[in-house]
2 protein chains.
Amino acid sequence: MPVYTAPVDEVLFLLQDVFAYQRHGNLPSFQAVTPDVIAAILREGAKFAEDVLQPLNRVGDTQGCTRHADASVTTPDGFKAAYEQMAQAGWIGLVADPDHGGQGLPYTLGVVLNEFVSSANMAFGMYPGLSNGAYAALARHASPEQKNLYLPRLASGEWSGTMNLTEPHCGTDLGLIRTKAVPKGDGSYKITGTKIFISAGEHDLTGNIVHLVLARIEGAEEGVKGISLFVVPKLIPDADGNPGARNAVSCGALEEKMGIHGNATCVMNYDGATGWLVGEPHKGLRAMFTMMNEARLGVGIQGLAQSEVAYQNAVQYARDRLQGRALTGDKAPDKPADPIIVHPDVRRMLMNQKAFNEAARALVIWTALKADVARGSPDEAEKQAAEDHLGLLTPVIKGVLTDTGFANTVAAQQVFGGHGYIAEHGMEQFVRDARIAQIYEGANGIQALDLVGRKLPRDGGRAMMSFFKEVTDFVTAHAGNADMKPFVEPLGKAAKDLERATMWFMANAMAKPDNAGAGSTDYMHLFGLVALGYMWGRIAKTAQDRLAAGEGDRGRLGAKLVTGRYFMQRILPETGAHVRRIEAGADTMMALPADAF
Amino acid sequence: MPVYTAPVDEVLFLLQDVFAYQRHGNLPSFQAVTPDVIAAILREGAKFAEDVLQPLNRVGDTQGCTRHADASVTTPDGFKAAYEQMAQAGWIGLVADPDHGGQGLPYTLGVVLNEFVSSANMAFGMYPGLSNGAYAALARHASPEQKNLYLPRLASGEWSGTMNLTEPHCGTDLGLIRTKAVPKGDGSYKITGTKIFISAGEHDLTGNIVHLVLARIEGAEEGVKGISLFVVPKLIPDADGNPGARNAVSCGALEEKMGIHGNATCVMNYDGATGWLVGEPHKGLRAMFTMMNEARLGVGIQGLAQSEVAYQNAVQYARDRLQGRALTGDKAPDKPADPIIVHPDVRRMLMNQKAFNEAARALVIWTALKADVARGSPDEAEKQAAEDHLGLLTPVIKGVLTDTGFANTVAAQQVFGGHGYIAEHGMEQFVRDARIAQIYEGANGIQALDLVGRKLPRDGGRAMMSFFKEVTDFVTAHAGNADMKPFVEPLGKAAKDLERATMWFMANAMAKPDNAGAGSTDYMHLFGLVALGYMWGRIAKTAQDRLAAGEGDRGRLGAKLVTGRYFMQRILPETGAHVRRIEAGADTMMALPADAF
């Protein structure tokens, strides 16, 4: 049976010591919460994830969801009770607006809770996760009446949400969408079409399901400029807002898939379903994309979350499993063999995971704090800088945390040897579940293109220059500090690699755009390494300061310095290979005709 | 429905043009086969894999094996008929000794067929694969009577084989084996114990199953020096060699696992089963290990095989799927969108797979030819050199081809986007099946230790020096050739990285063995990159020679040169990151106490 302990102390160290979140006391969401309250909320959330959600993870995987003859869908045993408990405790509306029934807490806390929930039970976490996404889209784009109808019910968890983008012939290229919306004359539309891969599309957890659907209003322009966003409730609310008549939308089938079996991935059929326009006509894609940053950050967190829980289980196995003897002599002479954690190659796998998880969590929290600033700061300049950061870092977090997170689940499984391949230990489920995060919410190749093609050049490179300045200022500030040298020297080198790659794009991708495409994934990972390296720099500085001040847990802080140095020595140098690949350009990549493959 | 076309022309190009297998005409196994016969055998084998085995791959995955109340096991629908067809066509005994009913064909042909079978249906291919392993062990270590009894029946496929090493508490560390053998006084032994993860342990394909079992004779020394090898038939053969009385061995359970569902992975219970000693007492591990090279090469081939079939499907999808437009302008203006193969990042994934598959296949065939030499050459020096090569390259092929092969199945799945996560396209099965190859037959970390700790220093580094000399001689020989410069220049640099890493181990691992363990996996991959790079050098030279001579298919040969340059530019430079990690040593890796994880 897999184990999971939510890393509450890690989070508090990052929030309080590394990022000094207290300085955001000017934000409304932070005004209500004292450090004590934050710690208490995190410990409660941890308990819920560990005690309620984690035990349902394997049930969810083995049992999956079931579609019945009447097209209704039931979730695995225990999901409904857990969901009700989650809703009643107020977790679903944690960061939602108090005016709409939310608790108005910092977005950052929601993000942390998200990690805990995703580690404990990723498939389960998608149900409230999608509701949060639908809430965010409606909060931004819906009419006041729509907000009053939907937001409180999404925040309470009474209703849940979905996002309907993909169709059988189009995923990435949403300009090809065929789902049709015909005005009914009463302000509503008749929606007809088929959507696929709809997570949480049908289930038994809530009294109603609020589908957000991209469709083309009859006669609209072709391509992305003719797409509008609609809200299509499963049950049409009556005048009092209670679920009423069944709408003409139903789950045609559940997809059989590699993992996240506890989540119902549906083919959704819209057979003239009644929907209402959200926001302006033909601006649907823009509306959908405003919620993308948050959704993509959420998926990046899933990558970290699976990496963390897989790591925790690998550590426990490596401490318990006796096999072979240490190269340096017996470590457990009273036992028939040493625990495998004595073997360097097992350590290598564990240290890779640990060094990634701790920096990735820092990157997520750093970015989530920017999101709180972007949402609530009265200072326009600070707000703008935070939005720049979010735009730039979101594709990096989504792409790098899910790629590396997946690789880490595979490495954690490897620690188990043959036992990792067997279902009962749960390790192979982490691998199968983590895999989807690299694909959905924009496949990682799309994240890389978003970074290189849109986020990098935007506003004359303002966001990138600001990020780069922060990193190099940090390197410069600590260049003369002998204790910090093992951190800032490699970080400085990696930053130079990033600069060199950026300059290469500027010089070579304008005339030949394929050069940007050819290097985009390498650039995303190069960027991610620098960002994670910077996080280790910040963590190391904090650990050194606290050790010097005689504060904190010496063992924990000392481990931070070792782990950070491991990252600098063994992971960060990968930036060199990325630069070389980027500079190889597109020539050999694009030279072959399609039939030569 | 996934597609598969066995790469017969690729194999013939490698056999005939790159490695000029005709020069092995002195070997008995090659004397009987003309080039025409070889081509005909490969085309027949291809047809069998494509038409018979591949259509059963998904059935095998979805249906799996079933254990019945009487402990019998049935394989998925169609497996039995396919197995009988395979046996009747003589494929199972293809490379077995004609004196024992085999066809006596070159081992290399068996290896090629193995790739085709594993691409088409990896889980199925394990049944005859394990029989071949049991055949090899018995051919080497069994008594003449045992050989006469078992070898012809294994070669014909009438009976099948298994390997029983792992127990619940021991996998890698076989010194911990508890299964007990007590002499019965009639030359046989009573075997008692539990073995787990036994592939093909029980099934309905053959009239008998021949278990090779590691056990400790009562009173034997502890550790690996007290382990003996036994043959334990499921049905005890009568005086005529026909399956007789049921032995006290049975399948206690089937393991639920991540993939290879079509193969029965069994818990095998030996309840005082009758077994016969194979070879000398207490030398069982050595006997088992003599078949390891072949078995590990076979697993490496599984990595290549899954990479190849996943690649072929990704290519087809990338040609067919219309999504987005090329960065350089519309490529299919008459269609709603361009095929995704126009996008650089999709190309990147396909080219990575192609550049690996073609060189990996070369590496396998090069090494298989050495195995033929080692088996059959009358020249002792040539034989010794071939054995050196096999010893050195086997862990590299097992570790690198399965690690990279797995990564390639993941990349191929990624090309499909969301459709890759859905079971019906078969891509996620390739990922799940390929995953086991990194784990079984010695987890890849063990391969790396075998390479660094045993194969590298053996005989004063003779094998390594010989390999290194061959590579650097090639670089030197073509250094002045402008056409070869794009190949030998990067190869020379990579070889220098390998040399540097080797020297680093010599200087730093004697005094501190953890430094070898800490760098072993990086060293294995560094070695693999150099070996694959050398293969590309050989392929490129052959392609250039043939183009200059006006021979061969210009398109195919030209594509080789492009793909080889892609490898040199974008994959081979990873050697630099490996060296840097190796040189980082074990310090930060080993510094943390176990409870700091």
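Source: prediction; values computed, not measured.

1. Points about the domain arrangement of chain A
Residues and elements named next belong to chain A.
Then step 1. With domains assigned, chain A is organised as domain 1 (8–141), domain 2 (161–282) and domain 3 (459–588).
Then step 2. One C-alpha centre belongs to domain 1, the other to domain 3; they are set 31 Å apart.
Then step 3. Listed as interface residues are seven residues of domain 1 and, on the opposing side, eight residues of domain 3.
Then step 4. Linking domain 1 to domain 3 there are four salt bridges.
Then step 5. A salt bridge links R556 to D9, with the nearest nitrogen and oxygen atoms 3.9 Å apart.
Then step 6. Taken together, domain 1 and domain 3 are joined by four residue pairs in polar contact (both at pLDDT 80 or more).

2. Some details on the packing of aromatic side chains
Residues and elements named next belong to chain A.
Then step 1. Taken as a whole and assessed by the stated rule, the structure comprises 25 aromatic pairs over all chains.
Then step 2. With 4.9 Å between their ring centres and 65° between their planes, Y189 and F230 make a pair best called edge-to-face. Highlighted residues: Y189 in strand β5 (residues 188–199) and F230 in strand β7 (residues 227–233), separated in sequence by 41 residues. Summarising the burial analysis for this pair, Y189 and F230 share the class buried.
Then step 3. Counting every residue linked through ring pairs, the aromatic cluster contains W366, F467, F474, W504, F505, Y523, F527 and Y534.
Then step 4. Over the aromatic face of F406 sits the side chain of R435, whose NZ or CZ is 5.6 Å from the ring centroid.

3. As for the packing of helix α10 (residues 344–376) of chain B against helix α16 (residues 514–548) of chain B
Residues and elements named next belong to chain B.
Then step 1. Close contact between α10 and α16 brings their axes to 9 Å; oriented N to C, the two are set at 90°. In terms of axis orientation, α10 runs roughly perpendicular to α16. On the side of α10, the interface is formed by A355, F356, E358, A359, A360, A362, L363 and W366, while α16 contributes A531, L532, Y534, M535, W536, R538 and I539.
Then step 2. In the contact of α10 with α16, the residues fall into 13 nonpolar, no polar and two charged.

4. Here we look at the environment of A:E202
Residues and elements named next belong to chain A.
Then step 1. For E202, the position within the fold is in the loop between β5 and β6 (208–217).
Then step 2. Along the chain, E202 and M506 lie 304 residues apart, while their C-alpha atoms are 47 Å from each other.
Then step 3. Among all residues touching E202, those that are not within four sequence positions of it are A71, S72, V73, I209, K234, R246, C251, A264 and C266.
Then step 4. A distance of 2.6 Å separates polar atoms of two side chains, one belonging to E202 and the other to K234.

5. Describing the interface of chain B and chain A
Then step 1. Taken residue by residue, the interface counts 86 residues in chain B and 86 residues in chain A.
Then step 2. Where chain B abuts chain A, roughly 7700 Å² becomes buried across the two surfaces, and 61% of that area is made up of carbon and sulfur atoms.
Then step 3. Three residues stand out in chain B for area buried against chain A, namely B:Y421, B:R570 and B:F597, and they jointly supply 12% of the buried area on that side.
Then step 4. Across the chain B-chain A interface, the total number found is four salt bridges.
Then step 5. Two residues, A:E574 and B:R581, come together in a salt bridge whose shortest N-O distance is 3.0 Å.
Then step 6. At the junction of chain B and chain A, the tally comes to 53 residue pairs in polar contact (both at pLDDT 80 or more).
Then step 7. In the side of chain B that touches chain A, the residues fall into 41 nonpolar, 23 polar and 22 charged.

6. Overview of the relation of the copies chain B and chain A
Then step 1. With an RMSD of 0.0 Å, the operation that places chain B on chain A is a rotation of 180° combined with a shift of 0.0 Å along the axis. Each copy turns onto its partner about a two-fold axis. In terms of proximity to the rotation axis, the leading residue of chain B is B:A577, whose C-alpha is 3.3 Å off the axis.

7. Here's the deal with the nonpolar core
Then step 1. Judged by nonpolar contacts, the single largest core of 194 residues is most densely connected at B:L42, B:F116, B:L350, B:F467, B:Y523 and B:F527.
Then step 2. With 18 residues, the single largest contributor to this core is α10(B).
Then step 3. The contact partners of B:F467, leaving out residues within four places of it in the chain, are B:W366, B:L392, B:L393, B:L498, B:F527, B:V530 and B:A531.
Then step 4. In this structure, A:I177, A:L350, A:V373 and A:V471 belong to the second largest nonpolar core, which totals 193 residues.

8. Considering helix α3 (residues 35–53) of chain B
Then step 1. Along its 19 residues, α3(B) runs 26 Å from first to last C-alpha, staying within 8% of the 27 Å computed at 1.5 Å per residue.
Then step 2. In this fold, the buried residues of α3(B) make contact with α1 (8–18), α4 (57–63), α5 (79–88) and α6 (107–141) of chain B.

9. A few points about the pattern of salt bridges
All names here are of chain A.
Then step 1. Enumeration over the complete set of coordinates arrives at 66 salt bridges over all chains.
Then step 2. Among the ionic pairs, R454 bridges to D450, the shortest N-O distance being 2.6 Å. Remark: D450 and R454 occur in helix α14 (residues 444–455); sequence separation between them is four residues, near one turn of the helix.
Then step 3. One network of salt bridges, with partners in common, ties together D9, E10, R43, K354, E358, R556 and K560.

10. With respect to unusual backbone geometry
Excluding glycine, most residues fall at negative phi; most peptide bonds, likewise, are trans.
Then step 1. Of note, the phi angle at A:D459 is positive, near 50°, even though the residue is not glycine.
Then step 2. Summarising the element assignment, A:D459 is placed in helix α15 (residues 458–477).
Then step 3. You will see that B:I260, though not glycine, has its phi angle at about 35°, which is positive.
Then step 4. Summarising the element assignment, B:I260 is placed in the loop between β10 (249–254) and β11 (265–278).

11. Side note on a positive patch on the surface
Then step 1. Side chains of A:K493, A:R580, B:K493 and B:R580 sit close together on the surface and give a patch of like positive charge.
Then step 2. Among the secondary structure elements, A:R580 is positioned in helix α19 (residues 575–584).
Then step 3. Assessed through its relative accessible area of 39%, A:R580 is described here as partly exposed.

12. Points about the pairing of strand β4 (residues 180–183) of chain B
Residues and elements named next belong to chain B.
Then step 1. Pairing geometry for β4 and strand β5 (residues 188–199), over four bridges, is antiparallel. Its bridge partner lying in β5, A181 is registered against I191.
Then step 2. Two successive antiparallel strands, β4 and β5, enclose a turn made up of four residues, where G185 displays a positive phi of approximately 95°.
Then step 3. The sheet contact formed by β4 and strand β6 (residues 208–217) spans two bridges and is parallel. Residue pairing for β6: K180 is matched across the bridge by R216.

13. What to know about helix α5 (residues 79–88) of chain A
All names here are of chain A.
Then step 1. All of the buried residues in α5 are F79, A82, Y83, M86 and A87. Buried residues along α5 cover an arc of 135° about the axis, so they all sit on one side. What points out from α5, more than 90 degrees from its buried face, is the exposed set A81 and Q88.
Then step 2. Residues of α5 that are buried sit in contact with α3 (35–53), α4 (57–63), α6 (107–141), α7 (144–156) and β3 (159–164).

14. Observations concerning the side chain of B:H100
Then step 1. Tracing the backbone shows B:H100 in the loop between α5 and α6.
Then step 2. Apart from the residues within four sequence positions on either side, B:H100 is in contact with B:Y135, B:K147, B:N148, B:L151, B:P152 and B:A155.

15. Here we look at the environment of B:N26
Residues and elements named next belong to chain B.
Then step 1. Residue placement: N26 occurs in the loop between α1 and α2 (28–31).
Then step 2. A C-alpha to C-alpha distance of 37 Å links N26 and L214, two positions 188 residues apart in sequence.
Then step 3. When residues no more than four places from it in sequence are discounted, the contact partners of N26 are Q31, S377, P378 and E382.

What counts, and at which threshold
Residues numbered from 1 in each chain as written. Chains lettered and ligands numbered in written order. Predicted model: local features only at pLDDT ≥ 70, side-chain atom pairs only at ≥ 80, totals over all residues. Heavy atoms only, no water. Domains from an automatic or database assignment. Contact = heavy atoms within 4.5 Å. Salt bridge = Lys/Arg side-chain N within 4 Å of Asp/Glu carboxyl O. Polar contact = N/O pair within 3.5 Å; in protein donor to acceptor, adjacent residues only side chain to side chain. Phe/Tyr/Trp six-rings, centres within 6.5 Å; stacked < 30°, edge-to-face > 60°. Helix = DSSP H or I, 4+ residues; strand = E, 2+ residues; numbered from the N terminus. Buried < 20%, exposed > 50% of the residue type's maximum accessible area, 1.4 Å probe, protein only. Lys NZ or Arg CZ within 6 Å of the ring centre and 35° of its normal. Axes fitted to C-alpha atoms, helices over the stretch in contact; angles between N-to-C directions. Parallel < 35°, antiparallel > 145°, perpendicular 65-115°, else oblique. Nonpolar A, V, L, I, M, F, W, Y, C, P; charged D, E, K, R; others polar. Buried area = accessible area lost by both parts, 1.4 Å probe. Least-squares fit on C-alpha atoms with pLDDT ≥ 70 in both. Core = buried A, V, L, I, M, F, W, Y, C linked by side-chain atoms within 4.5 Å. Expected span 1.5 Å × (residues − 1). Patch = residues over 30% accessible without salt bridge, like charges linked within 9 Å, V, L, I, M, F, W, Y side chains within 5 Å. Areas by Shrake-Rupley, 256 points an atom, 1.4 Å probe, with all protein chains shown as cover. Lys, Arg positive; Asp, Glu negative; His and termini not counted. Charge placed at Lys NZ, Arg CZ, Asp CG, Glu CD. Pairing = 2+ DSSP bridges. Arc of directions from axis to C-beta.

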